[in-house]
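Now for the letters of each chain:
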Amino acid sequence: EAGVAQSPRYKIIEKRQSVAFWCNPISGHATLYWYQQILGQGPKLLIQFQNNGVVDDSQLPKDRFSAERLKGVDSTLKIQPAKLEDSAVYLCASSHILIRVGRNSPLHFGNGTRLTVT
Amino acid sequence: DQQVKQNSPSLSVQEGRISILNCDYTNSMFDYFLWYKKYPAEGPTFLISISSIKDKNEDGRFTVFLNKSAKHLSLHIVPSQPGDSAVYFCAVNTNAGKSTFGDGTTLTVKP
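Residues numbered from 1 in each chain as written. Chains lettered and ligands numbered in written order. Predicted model: local features only at pLDDT ≥ 70, side-chain atom pairs only at ≥ 80, totals over all residues. Heavy atoms only, no water.

Below, the discussion takes up the sheet that holds strand S1 (residues 5-7) of chain A. All names here are of chain A. A sheet is described by the order of its strands in space; here 4 strands give the open sequence S1-S3-S8-S7, paired in antiparallel fashion. Across the chains shown, the open sheet's two edge strands, defined by having one partner strand only, are S1 and strand S7 (65-68). The mean angle between the axes of side-by-side strands here comes to 15 degrees, regardless of whether they run parallel or antiparallel. Across 5 bridges, strand S3 (residues 19-24) lies against strand S8 (residues 75-79) in antiparallel orientation. (Pairing = 2+ DSSP bridges. Helix = DSSP H or I, 4+ residues; strand = E, 2+ residues; numbered from the N terminus. Axes fitted to C-alpha atoms, helices over the stretch in contact; angles between N-to-C directions.)

This is the structure:
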């Protein structure tokens, strides 16, 4: 099966600019996640979708970050305006799991987008 | 407060020997635990998992042990190979399918 696709692979922007990342999950995966991984740390969940609805966005800095998954398939994550501390790898992941079915499904990650804010 | 802790940022072992990576968690209600492996410039990939109803799960050279009373799990790799050199993340699945990760341990296996 094709894996999780993300683009771009790298992005360099100046602070206060905006940026967008795109993710196409594995076909048939109902649940999609965006994680932020700062150098030296583990991935931190930003937002979780099930189909096209938001399940958890409690850790998303909503004053500058937004995400959508309009048709329940691919998703975009946007940052506007960017800050220096947003420099990180942004990972998209998907899984089979449906919330009411169970929670024992591993995540399938894309290769991420490395964002550098100068 | 971190719910999942990997206290060793790095580990170096000789090829053929055992690698033991450790992970501690804080919430006794967690009931499903996973290990992911990450190579540079790639996303994490799922390696092995264990449910809280078990204390051991084995898959080839990889074995995960769970000690619920100590809230501790470990990953054993035997024998270690140079291709195992990577960052290993411990993760717990919480309610609603959310995964919380530790900060990782960088394993280096020397030929």
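There is more to say, and it comes next.
What follows concerns unusual backbone geometry. With an omega dihedral of -5 degrees, the bond running from Ser 7 of chain A to Pro 8 of chain A counts as a cis peptide bond. Considering the arrangement of structural elements, one finds Pro 8 of chain A in the loop between S1 and strand S2 (10-13). With omega at -5 degrees, the peptide bond leading from Gln 80 of chain A into Pro 81 of chain A counts as cis. With respect to the helices and strands, Pro 81 of chain A occurs in the loop between S8 and strand S9 (88-95). We note that Asn 51 of chain A has phi near 55 degrees; this positive angle belongs to a residue other than glycine. Assignment of secondary structure puts Asn 51 of chain A in the loop between strand S5 (44-50) and strand S6 (53-56). Given a relative accessible area of 38%, Asn 51 of chain A falls into the partly exposed group. Phi is positive for Ala 41 of chain B, which is not a glycine, with a value near 65 degrees. Mapped onto the fold, Ala 41 of chain B is located in the loop between strand S4 (32-38) and strand S5 (45-51). (Buried < 20%, exposed > 50% of the residue type's maximum accessible area, 1.4 Å probe, protein only.)

Okay, the interface of chain B and chain A next. The interface is formed by 21 residues belonging to chain B together with 24 residues belonging to chain A. Our count for the chain B to chain A interface comes out at 1 salt bridge. The residue Asp 103 of chain B makes a salt bridge to Lys 44 of chain A at a minimum N-O spacing of 3.5 Å. Summed over the shared surface of chain B and chain A, the result is 5 residue pairs in polar contact (both at pLDDT 80 or more). If you list the elements that add at least two residues to the side of chain B that touches chain A, you get S4, strand S9 (86-93) and strand S10 (99-101) of chain B. No other element matches the 4 residues that S4 of chain B contributes to the side of chain B that touches chain A. (Contact = heavy atoms within 4.5 Å. Salt bridge = Lys/Arg side-chain N within 4 Å of Asp/Glu carboxyl O. Polar contact = N/O pair within 3.5 Å; in protein donor to acceptor, adjacent residues only side chain to side chain.)

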